[in-house]
Amino acid sequence: MQPDELRNIDNDHVWHPFTQMQGHRAENVPIIESGDGFFLIDTEGRSYLDGVSSLWCNVHGHRVPELDQAIRDQLDRIAHSTLLGLASVPSIELADELVKRTPADLTKVFYSDSGSTAVEIALKMAFQYHSQKTPVESQPRDLFACMQHAYHGDTIGSVSVGGISIFHQIFGKLLFESVQIPCPTTYHRPEGYTEESYLEFCFAELERLLAEHHQRLAAFVIEPLVQGAAGMLMHPPGYLKRVRELTSQYGIPLIADEVAVGLGRTGTMFACEQEGVTPDFLCLAKGITGGYLPLAVTMATEEIAAAFEGAHTDYNAFYHGHTYTGNSLACAAALATLKLFDENRTLDHIRETSEVLAKRLSELEDHPHVGEIRHKGLMVGIELVANRETRSAFPAEQRMGHQVTLAARKNGVIVRPLGDVMILMPAPGMPTELIEQLCDTVFAAIDEAIQMQVA
Ligand SMILES: *Cc1c(COP(=O)(O)O)cnc(C)c1O
């Protein structure tokens, strides 16, 4: 098909996610035809640096020979067979690798297809775990604790433990009950607090809310260290550890949603490692297949899984499963992705690129329209503001984050903002020269977009 024809069909028939379609049709977004390393190439032959890892999932680049070969080799055996009533070689080998690489107590691997389902499954497992463990006459554990501004995916269960207000408004009536824990991040703190006093308040509220609700809490779900979709909100050191201490004390299972932060993004393979925390559930998706194929895992401890043991007639199995659970091509891609982490020493490389990022970001420290720079590992949020002193936002109609995206795209870099927070999320394997190029282009695009709007 010719580019024009593809464009017309896209505009007429493809309903894009999280997209106001009227604006999309007017915008003529690039139609990607191929990839090459850390670049995307569109139908016009233009090449763009992939600055957000294809929405946070690409790890070692596009068309990586080792990954391509692993998938081809698997394709020569079989693309997919079911895990209902049968087992498969790649799903077994991947489970073995994951159990070896994650915190010691996590020994059970349940497969699904997206980050949303990985979290949904953890929530349902936690709920069923309690109902099978506790005597029927005791109070049901039907309440979930989650963080304010959290994002755990788009299925009804994962939205229920999310804190992005626009989704809550629209789907509010469909959602189940949750307790929202204040997010310990200080830039947008309420009036009357200093940074220190607000963090003290957050730690105190965490304790108070768990003390108040612990008897009803089925689980506590958290994005460890960095709340990505909220705009890269960073928790202070010690927070995750405190959450683990309190949840252990009250016997509340902890669900670590490492869908975004896992696979090296925060500088370690898993974010939980940085605080020496072992969760009861660990959710992975996005980068697990190197950004090649949809696959997710919900890992659980022996202790959780034990509540589902029994005879056939006990009817206490976990009642959940998807048709493509443990897909063989996706598992083969995941195995090859993990292997490349070792062969390419990707974690060492991330340490280096993270330092390059820190150095480059310091150039924006005194920028009159940069309110806050948030950075951990390879996750960066640059919050643009109309006024640095008052921390006031640009008017929503200006779509400043979007203007920066368009200016960057014109100069060959793809980024996607969260409101007016510019997100940089380079792939863990991206070489430092391309990190520099990403910074050069996005920093220039920030100035260009602001000059156009303010002028
Ligand atoms: C992206 C994301 C999800 C949802 O993953 P999908 O694969 O898009 O369903 C869940 N949790 C976090 C922290 C995420 O960043």
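The structure displayed is predicted, hence computed values, not measured ones.

Looking at the domain arrangement of the protein
Segmentation of the protein into domains returns domain 1 (31-60 + 345-454) and domain 2 (68-343). Averaged C-alpha coordinates put domain 1 and domain 2 at centres separated by 27 Å. At the junction of the two partners, domain 1 supplies 31 residues and domain 2 supplies 31 residues. Of the roughly 2,600 Å² buried at the junction of domain 1 and domain 2 (both faces included), carbon and sulfur atoms supply 62%. Ranking the residues of domain 1 by area buried against domain 2 places Trp56, Met379 and Arg391 at the top, with a combined share of 25%. For the pair domain 1 and domain 2, the number of links is 0 salt bridges. On inspection of domain 1 and its partner domain 2, the count reaches 16 residue pairs in polar contact (both at pLDDT 80 or more). Among the secondary structure elements, those contributing two or more residues to the side of domain 1 that touches domain 2 are α3 (53-56), α13 (346-361), β13 (370-376), β14 (379-384) and β16 (421-424). Considering each element in turn, the side of domain 1 that touches domain 2 owes the most residues, 5 residues, to β13.

Things to note about the sheet that holds strand β4 (residues 106-112)
Taken together, 7 strands build an open sheet; the order of strands is β4-β12-β11-β10-β7-β5-β6 and the sheet is mixed. The open sheet has two edge strands with one neighbour each: β4 and β6 (178-181). If you compare each strand with its neighbour and ignore which way they point, the axes differ by 20° on average. Of the strand pairs in this sheet, β4 and strand β12 (residues 296-301) are connected by 6 bridges, and their pairing is antiparallel. Across the sheet, residue Tyr111 finds its bridge partner in β12, namely Val297.

Rules used in this analysis
Residues numbered from 1 in each chain as written. Predicted model: local features only at pLDDT ≥ 70, side-chain atom pairs only at ≥ 80, totals over all residues. Heavy atoms only, no water. Domains from an automatic or database assignment. Contact = heavy atoms within 4.5 Å. Buried area = accessible area lost by both parts, 1.4 Å probe. Salt bridge = Lys/Arg side-chain N within 4 Å of Asp/Glu carboxyl O. Polar contact = N/O pair within 3.5 Å; in protein donor to acceptor, adjacent residues only side chain to side chain. Helix = DSSP H or I, 4+ residues; strand = E, 2+ residues; numbered from the N terminus. Pairing = 2+ DSSP bridges. Axes fitted to C-alpha atoms, helices over the stretch in contact; angles between N-to-C directions.

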